[in-house]
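A look at the structure
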Amino acid sequence: MNLNFTLVAQLVVFFILALFTMKFVWPPLMKALDERAAKIASGLAAADRGKADLAAAEKRVQTELAGARDEVQKRIADAEKRAAAIIEEAKKTAAEEGARIVAAAKADAEQQVTRAREELRGQVATLAVAGAEQILKREVNAAAHADLLSKLSTEL
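Sequence order as written defines residue numbering, which begins from 1 separately in each chain. Per-residue local features of the predicted model are confined to residues with pLDDT of at least 70, and side-chain atom pairs are confined, for both listing and counting, to 80 or more; whole-chain, interface and lining totals are unaffected and use all residues. Computation of side-chain values: all heavy atoms of the structure, hydrogens and water removed.

Concerning the overall build of the protein chain
Runs of H or I in DSSP of at least four residues are treated as helices and runs of E of at least two as strands, each being numbered from the N terminus. A tally of helices and strands in the protein chain yields 2 helices and 0 strands. Counting over 156 residues, the protein chain shows a buried share of 3%. Surface accessibility of the protein chain: about 13700 Å² in total, with carbon and sulfur atoms responsible for 65%. Only protein chains enter the accessibility calculation, which uses a 1.4 Å probe; a residue whose area is less than 20% of its type maximum is buried, one above 50% is exposed, and one in between is partly exposed. Only the protein chains shown count as cover for residues, with accessible areas throughout obtained via the Shrake-Rupley method and a probe of 1.4 Å.

Section: the pattern of salt bridges
Salt bridges are defined by distance alone: a side-chain nitrogen of Lys or Arg within 4 Å of a carboxyl oxygen of Asp or Glu. As enumerated under the stated definition, the model contains 3 salt bridges in all. Salt-bridge contacts for Lys-91 lead to Glu-88; the nearest nitrogen and oxygen are separated by 3.9 Å. Highlighted residues: Lys-91 and Glu-88, both in helix α1 (residues 2-136), separated by 3 residues, approximately one helical turn. The class for Lys-91 is exposed, based on a relative accessible area of 52%. Residue Glu-97 pairs with Arg-100 through a salt bridge whose shortest N-O separation is 2.3 Å. Here the residue Glu-97 and the residue Arg-100 both occupy positions in helix α1, the gap between them amounting to 3 residues, near one helical turn. Judged by its relative accessible area of 34%, Glu-97 is partly exposed.

A word on the packing of aromatic side chains
When the centres of two rings from Phe, Tyr and Trp lie within 6.5 Å, Trp using its six-membered ring, the rings pair. Their planes under 30 degrees apart give stacked, over 60 give edge-to-face, and anything left gives tilted. Going through the model one piece at a time under the given rule, you end up with 2 aromatic pairs. Ring centres 5.9 Å apart and planes at 65° place the aromatic pair Phe-14 and Phe-15 in the edge-to-face group. Relative accessible area serves as the criterion here: at 53%, Phe-14 is assigned to the exposed category. Looking at Phe-15, the relative accessible area reads 47%, which means it is partly exposed. When the ring of Phe-20 is compared with that of Phe-24, the centres are 5.2 Å apart and the planes differ by 45°; the resulting orientation is tilted. Highlighted residues: Phe-20 and Phe-24, both in helix α1, separated by 4 residues, approximately one helical turn. Exposure remark for Phe-24: the relative accessible area of 52% places this residue in the exposed category.

Things to note about the UniProt feature "transmembrane region" (unreviewed entry) in the protein chain
Here the UniProt feature "transmembrane region" (unreviewed entry) sits at residues 6-26. Secondary structure content for residues 6-26 is 100% helix and 0% strand, and the end C-alpha separation is 27 Å. UniProt positions are given in the numbering used here, feature names are shortened, and annotations may be inferred rather than shown by experiment.

What about a nonpolar patch on the surface?
Residues forming no salt bridge and having over 30% relative accessible area are the ones grouped into patches, like charges within 9 Å of each other and nonpolar side chains (Val, Leu, Ile, Met, Phe, Trp, Tyr) within 5 Å. On the surface, a nonpolar cluster with roughly 410 Å² of combined accessible area is contributed by Leu-17, Phe-20, Phe-24 and Val-25. Residue Val-25 is classed as partly exposed on the basis of its relative accessible area of 39%.

Pasting the structure below:
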């Protein structure tokens, strides 16, 4: 009987321990496990949201970069067009300035030719008077014959 009493006593102690564990130990342990599972699930959900946000951010960045590249290309093209326009304008201005300088040089040359002709006419008139003096062996009055001398200079 000793064996039976020990077996029954152990069985009673086992059930008391099981009831005590189910009543006082098991609920806080399950609560802690449930909280831990909720935290893990929350962390995994946050990680998934973070991955989704990162993917969306990368997509936005790629879109922004593409837009920035397009804008840069557009600005470069505009700058090249502006540079070409400035160059053409400078060429046009230089051509106009060159034409003006050539025209001024031609006008100056014409004036110098005209002055040289006038000077040459004056010298020819003087030589003609001197030649006439030599031929006539007398002095010719230039003031008296001014009409004749001016007519002679215009013919030359």
